[in-house]
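# Observations on chain architecture
Spelled out from the first residue to the last, the chains are:
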Amino acid sequence: MAYKKFAVSPGFREGGSLFKPEQLAVLDSIVGDDAKIELTTFKQLYVEMEEDRISAVQIQLKEVGLDIQPAGYYTKNLIACNFCRGAEDAGLNVAKRLDEAIVGKEVPSPLKIGYAGCALGTSEPLLKDIAVVKMNDVYDIYVGGEAKGIKARLGQLYVSGIPEDRIIPLVTRLIAIFQELGKKKEKFSKFVERLTIEQLQKMTQHS
Ligand code: SF4
């Protein structure tokens, strides 16, 4: 029997990425005894189960408010902070719109995009491929963070002090450039190094 993997996320709200007990109860009751459920490092659960039952299971998971995305070489759900400063101060609505705009896009290697509602950055944004950090009323974007391996590195400042309405155009343009020019299996941090920040800034200046 063929098995396939997909990603499940509860989304995020004030308090963080929180599953409701009934969502987990539904998940437990429908995936089957031989399913594998993996807790990833990027706030998605990976469910591996019988391929021919996946469509029906995904419909039921969506009905209880869970977000379903492909696993593998795709952009992940936005990895957001817990919005402890409150929805407005920490930019919860901005983060939700950004999540909808970026998630589930096919890319040369899995892409993690982080968000922090203030400079404390408790969601570790500088270790993500792309990160948006709210700085009072404006936003900074970092690129090229890498958490894995002995050559782990922090993201570099790509643009500073931008207004809210430029976030989605810039981040989606960065993803599109990676889709177009990234080599298969090339990590985004390596891609940024190869193209250089300056070149990326030039390519996105009108976004
Ligand atoms: S990044 Fe700032 S707003 Fe978000 S949870 Fe951390 S301290 Fe709170």
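Remember, predicted model here, so these are calculated numbers, not experimental data.

Rules used in this analysis
Residues numbered from 1 in each chain as written. Predicted model: local features only at pLDDT ≥ 70, side-chain atom pairs only at ≥ 80, totals over all residues. Heavy atoms only, no water. 1 Å grid on protein atoms, 1.4 Å probe; cavity = no way out; pocket = protein on both sides within 12 Å on 5 of 7 lines; lining within 4 Å. Points joined across faces, edges and corners; volume = space filled by probe spheres on them. Nonpolar A, V, L, I, M, F, W, Y, C, P; charged D, E, K, R; others polar. Domains from an automatic or database assignment. Pairing = 2+ DSSP bridges. Helix = DSSP H or I, 4+ residues; strand = E, 2+ residues; numbered from the N terminus. Axes fitted to C-alpha atoms, helices over the stretch in contact; angles between N-to-C directions. Contact = heavy atoms within 4.5 Å. Buried area = accessible area lost by both parts, 1.4 Å probe. Polar contact = N/O pair within 3.5 Å; in protein donor to acceptor, adjacent residues only side chain to side chain.

## What about the layout of surface pockets?
There is about 420 Å³ of room inside the largest pocket. For the largest pocket, the lining is made up of 20 residues, of which Lys112, Leu127, Glu146, Ala147 and Lys148 are closest to its centre. Class assignment for the residues of the lining of the largest pocket results in seven nonpolar, four polar and nine charged. If you count residues domain by domain, the lining of the largest pocket takes at least three from each of domain 1 (3–70) and domain 2 (79–204).

## Concerning empty space enclosed by the protein
Applying the stated rule across the entire model yields one cavity of 30 Å³ or more. If you add up the space inside the largest cavity, you get close to 30 Å³. Around the largest cavity, the lining residues are Ser9, Gly11, Phe12, Ser17, Phe42, Lys43, Asn77 and Leu78. Its residues assigned to classes, the lining of the largest cavity shows three nonpolar, four polar and one charged.

## Quick notes on the sheet that holds strand β7 (residues 138–143)
Across the sheet, four strands lie side by side as β5-β6-β7-β8; this open sheet has mixed pairing. The sheet is open, and its two edges are formed by β5 (113–116) and β8 (156–162), each paired on a single side. When strand polarity is set aside, the average angle formed by the axes of neighbouring strands in this sheet is 15°. Relative to β7, strand β6 (residues 130–135) runs antiparallel, the two sharing six bridges. Paired with Val132 across the strands is Ile141, a residue of β7.

## Some remarks on the sheet that holds strand β2 (residues 36–39)
A sheet is described by the order of its strands in space; here four strands give the open sequence β2-β3-β1-β4, paired in antiparallel fashion. Each end of this open sheet is capped by a strand with a single partner; those strands are β2 and β4 (67–70). On average, each strand axis in the sheet is inclined to that of its neighbour by 30°, with strand direction left out of account. One ladder, built from four bridges, connects strand β1 (residues 3–9) with β4; its direction is antiparallel. Among the inter-strand pairings, Ala7 is bridged to a residue of β4, identified as Gln69. Packed on one face of the sheet, helix α2 (residues 54–63) meets β1, β3 (45–50) and β4 and runs near 10° to β1.

## Quick look at the domain arrangement of the protein chain
Taken domain by domain, the protein chain consists of domain 1 (3–70) and domain 2 (79–204). At the junction of the two partners, domain 1 supplies 10 residues and domain 2 supplies 14 residues. Note on domain 1 versus domain 2: buried area summed over both sides is about 1,000 Å², and carbon and sulfur give 64% of it. Run the count over domain 1 and domain 2 and you get three residue pairs in polar contact (both at pLDDT 80 or more). When grouped by side-chain class, the residues that make up the side of domain 1 that touches domain 2 number three nonpolar, four polar and three charged.

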